[in-house]
Amino acid sequence: MNSQGIQKTMLHAQQVRKTYGYRSNMQQALKGIDLRVMEGDFIGIMGPSGSGKSTLINVLATIDQATEGRIIVEGSDISTMKSAELAVFRRNKLGFIFQDYNLLDTLTVKENVLLPVSLGKANKAAAEAAFEELASHFRIKDIAHRYPHEISGGQRQRTSAARALIHKPAIVFADEPTGALDSKAASAMLGKMEELNRQDHITIMMVTHDPVAASYCSRVVFLKDGLLYSELYRGIKTRQTFFKDIMNVQAVLGGDNVDIV
C-alpha cells in the first residue's frame, strides 16, 4: 500500500491474446484475458491442460510476448518495450521460481541467490544483509557454501525462492514451484511463500495444477480454453475450506481429486 493506505495495482493485463502458428495452423492460446493484480495478492492460476495457464504466466512474466493487448506492470507498459529495455526491467522488477530450480551448478547456494543483484550495481553490504535475512527465512544459511548437486530438492527450491526475492521485485512469478518436491518439502515451501506474502505483502503469481498448493493462495484464477473462467477469493476462510471450494470448481473443469495435507 502507498502512504495513503491505498492498495496499488501491480499488474494490469488488458485483452491479452496469444496466437501460435501461421495461417491454417494458427492456434489461439489466450483469447482476450483481462486481469488486475493488486499489491500483496497471492494468486494461483489453475486450469486443465491446454487452458492457457502456462502461456498466460509466461506472457505476464515477459518470458513470451503477447500477440495483442497491453500488460502494465507498476505503471510500465511491457508490451511496448524493446528487448534490451525489457531485459533490464525483468532483472530489476521481476522474480522467478521455476519447477526445475534453474540454479547454476558452478555457483554455490549463496552465489546463486546473490546472482540477480551481482548483475547490477547493488551495494555489497546491503546485498549481504538481504542474503542473511532470506537465508535465515528459508533455512539455507548452513548450506550457503555448498553447490546445487550437494543439496536436496527442497533446499534447491528454497534457494531458488531466495534468489527470486533478493532484489525485492515488484512481482514474483512461480511456475509449478512444488512440482518436483515431496509433500513435506512442498508444504514447507508453500508455507514460507504464504508467510512472506502475508507479512511482507510480497505479490506472487503461481501456476499450479495442485489444489493443495492453490489453497495457500489468497485468490485463485481459473482458465478454460484460453479464457478467464472464474475466480475464487479465500478471504477469512481456512485453508481446508478454501481447498474444498477449489476442488468444486475443478470438478466442473475436470481434474484429479487429492487429499489436503
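Preceding this paragraph is the structure being described.
Described in the following lines is the structure provided in the data block. Just so you know, these numbers come straight off a predicted model, no measurement behind them. (Residues numbered from 1 in each chain as written. Predicted model: local features only at pLDDT ≥ 70, side-chain atom pairs only at ≥ 80, totals over all residues. Heavy atoms only, no water.)

Some points on helix H1 (residues 53-60)
Put simply, the test is: Relative accessible area decides the class of each residue, using a 1.4 Å probe on protein chains only: under 20% of the type maximum gives buried, over 50% gives exposed, and in between gives partly exposed. Going along the chain from the N terminus, every DSSP run of H or I of four or more residues is numbered as a helix, and every run of E of two or more is numbered as a strand.
Most of H1 sits inside the fold, with six of its eight residues counted as buried. Here H1 has its buried residues at Lys 53, Thr 55, Leu 56, Ile 57, Val 59 and Leu 60. In the stretch just after H1, Thr 62 is the one whose phi turns positive, near 70°.

Regarding helix H5 (residues 153-165)
Which entries qualify depends on this criterion: To estimate how far a helix should reach, multiply one less than its number of residues by 1.5 Å. Every residue pair with non-hydrogen atoms within 4.5 Å of one another is taken to be in contact.
Its 13 residues place the ends of H5 19 Å apart at the C-alpha level, agreeing with the 18 Å of an ideal helix rising 1.5 Å per residue. Of all 13 residues in H5, twelve are buried; the element is thus mostly enclosed. Among all positions of H5, only Gly 153, Gly 154, Gln 155, Gln 157, Arg 158, Thr 159, Ser 160, Ala 161, Ala 162, Arg 163, Ala 164 and Leu 165 are buried. Looking at the packing, one finds that the buried side of H5 touches strand E6 (94-98), helix H3 (109-118), helix H4 (124-137), strand E7 (171-175) and helix H6 (183-200).

Section: the nonpolar core
A general feature of soluble globular proteins is that nonpolar side chains tend to end up buried together. Counted only if it meets this: What makes a nonpolar core is a set of buried Ala, Val, Leu, Ile, Met, Phe, Trp, Tyr and Cys residues whose side-chain atoms join them at distances within 4.5 Å.
Core analysis: the largest hydrophobic core is formed by 47 residues, its most contacted members being Ile 166, Met 206, Val 220, Phe 222 and Ile 246. Sort the elements by how many residues they give to this core and H6 lands first, with six residues. In this view, Ile 166 contacts Val 113, Leu 114, Pro 116, Val 117, Ala 127, Ala 130, Phe 131 and Leu 134; residues no more than four positions away in its chain are not counted. Of all hydrophobic cores here, the second largest spans 30 residues; its members include Ala 13, Leu 30, Val 59 and Leu 223.

Here's the deal with the packing of H3 against H5
Note the following rule: Every angle, taken between N-to-C directions, lies between 0 and 180 degrees, and every axis is a line fitted to C-alpha atoms, over only the stretch in contact when it is a helix. With respect to orientation, any angle under 35 degrees is reported as roughly parallel, any angle over 145 as roughly antiparallel, any angle of 65 to 115 as roughly perpendicular, and every other angle as oblique. Handedness of a helix crossing follows the sense of rotation of the near helix relative to the far helix, less than a right angle counterclockwise being left-handed and clockwise being right-handed. Charged residues are taken to be Asp, Glu, Lys and Arg, nonpolar residues to be Ala, Val, Leu, Ile, Met, Phe, Trp, Tyr, Cys and Pro, and polar residues to be all remaining types, Gly included.
Two elements in contact, H3 and H5, have axes whose closest approach is 7 Å; the angle formed by their N-to-C orientations is 30°. By the angle class used here, H3 and H5 are roughly parallel. Between H3 and H5 the crossing geometry is right-handed. Taken together, the residues of H5 that come into contact with H3 (itself represented by Val 109, Asn 112, Val 113 and Pro 116) are Thr 159, Ala 162 and Arg 163. In terms of residue class, the contact of H3 with H5 is built from four nonpolar, two polar and one charged.

Some points on the environment of Val 172
Mapping Val 172 onto the fold places it in strand E7. The spacing of Val 172 and Leu 56 is 116 residues in sequence and 14 Å in space, taken between C-alpha atoms. Those residues within four positions of Val 172 in sequence are excluded, and the remaining contacts are Gly 95, Ile 97, Ala 164, Leu 165, Ile 202, Thr 203, Ile 204 and Met 205.

Remarks on the pairing of strand E8 (residues 204-207)
In plain terms, the rule: When DSSP locates at least two bridges between a pair of strands, those strands are taken to pair. Place the viewer so that the strands point away; then a crossover is right-handed whenever the path from the first strand over the helix to the second strand goes clockwise.
Both faces of E8 are covered, namely the face carrying Ile 204 and Met 206 and the face carrying Met 205 and Val 207. Two strands pair when backbone bridges link them, and strand E3 (residues 42-46) and E8 are joined in this way by four bridges, in the parallel orientation. Looking across to E8, one finds that Phe 42 is bridged to Ile 204. Across four bridges, the pairing between E7 and E8 is parallel. Its bridge partner lying in E8, Val 172 is registered against Ile 204. Taking the sense of rotation as the criterion, the β-α-β connection linking E7, H6 and E8 turns out right-handed.

Remarks on the packing of H5 against H6
Between two packed helices, the angle of one axis relative to the other and the distance separating the axes together describe the packing. Packing of H5 against H6 leaves a shortest axis separation of 10 Å and a crossing angle of 20°. Accordingly, the angle class assigned to the pair H5 and H6 is roughly parallel. Crossing angle aside, the handedness with which H5 passes H6 is right-handed. The residues of H6 that touch H5, namely those facing Gly 154, Gln 157, Arg 158, Ala 161 and Leu 165, are Ala 185, Met 189 and Leu 196. Considering only residue class, the contact of H5 with H6 consists of five nonpolar, two polar and one charged.

Digging into the layout of surface pockets
Formally: Think of a 1 Å grid over just the protein atoms. A cavity is a set of points where a 1.4 Å probe fits yet cannot get out, a pocket is an open set with protein on both sides within 12 Å along at least five of seven lines, and lining residues have an atom within 4 Å of a point. Grid points are joined across faces, edges and corners, and a volume is the space filled by probe spheres set on the points.
Estimates place the volume of the largest pocket at around 370 Å³. For the largest pocket, the lining is made up of 18 residues, of which Leu 165, Lys 168, Leu 196, Asp 200 and Ile 202 are closest to its centre. Those elements that place two or more of their residues in the lining of the largest pocket are H4 and H6. Its residues assigned to classes, the lining of the largest pocket comprises nine nonpolar, four polar and five charged. Roughly 310 Å³ of volume is contained in the second largest pocket.

These figures come from the coordinates and say nothing about function on their own.
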